[in-house]
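Notes for the structure review
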Amino acid sequence: MTGTARPGACEVCTAYWVTGVGRFVTLGESPERMAEIWRCRVCGAYWQVSDFSRPTVIDAGDAERALPDLREREAALGVAFPDPPALPPA
Ligand SMILES: [Zn+2]
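What you see is a predicted model, and the numbers here were worked out from it, not measured in a lab.

Attention now moves to the sheet that holds strand β2 (residues 35-40). Read across the sheet, four strands follow the order β1-β2-β3-β4 without closing on themselves; strand pairing throughout is antiparallel. Bordering the open sheet on either side are β1 (24-30) and β4 (56-58), each of which pairs with just one other strand. Strand-to-strand twist in this sheet, taken as the mean axis angle between neighbours without regard to direction, amounts to 30°. Note that strand β3 (residues 46-49) and β4 share three bridges and pair antiparallel. Its bridge partner being in β4, Y46 is matched across the sheet by I58.

In this structure, M34 takes a positive phi of about 50° despite not being glycine. Relative to the elements of secondary structure, M34 occurs in the loop between β1 and β2.

A few words on the pairing of β1. Two strands pair when backbone bridges link them, and β1 and β2 are joined in this way by six bridges, in the antiparallel orientation. Considered in β2, the bridge of S30 is made with A35. Remark: four residues form the turn of the hairpin made by β1 and β2, two consecutive strands paired antiparallel; M34 in that turn has positive phi of roughly 50°.

Let us look at helix α3 (residues 70-77). Among the eight residues of α3, zero are classified as buried, and the element is accordingly described as predominantly exposed. Just beyond α3, the residue with positive phi is G78, at close to 70°.

So, about the nonpolar core. Residues A9, C13, I37, A45 and W47 are the most contacted members of the largest nonpolar core, which totals 16 residues. Counting only elements with at least two residues in this core, the list comes to β2, β3, β4 and α2 (60-66). When residues no more than four places from it in sequence are discounted, the contact partners of I37 are L27, G28, S30, Y46, Q48, A63, A66 and L67.

The rules behind the values
- Residues numbered from 1 in each chain as written.
- Predicted model: local features only at pLDDT ≥ 70, side-chain atom pairs only at ≥ 80, totals over all residues.
- Pairing = 2+ DSSP bridges.
- Helix = DSSP H or I, 4+ residues; strand = E, 2+ residues; numbered from the N terminus.
- Axes fitted to C-alpha atoms, helices over the stretch in contact; angles between N-to-C directions.
- Buried ≥ 20, exposed ≤ 12 C-beta atoms within 10 Å, placed from the backbone.
- Core = buried A, V, L, I, M, F, W, Y, C linked by C-beta atoms within 7 Å.
- Contact = placed C-beta atoms within 7 Å.

Below, the structure written as structure tokens:
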């Protein structure tokens, strides 16, 4: 595979923003951030998706700050997400 993926994400979810084809699950909405938190089924990356800014890869800790009940939501979905690729330090 080539290096076209966003850091911390895979090529499938990175390409989604261009192709509209991906395997995302919407985990929930953060009113505070005015954004939704999505997770890629392929690589397990968390994305913050907002009408007001570009989609951003966030780490699991940040996703949990956006959605305090993140773990419960994931457990309820019953999806076996892989561990996301490491994000480079901010
Ligand atoms: Zn992905």
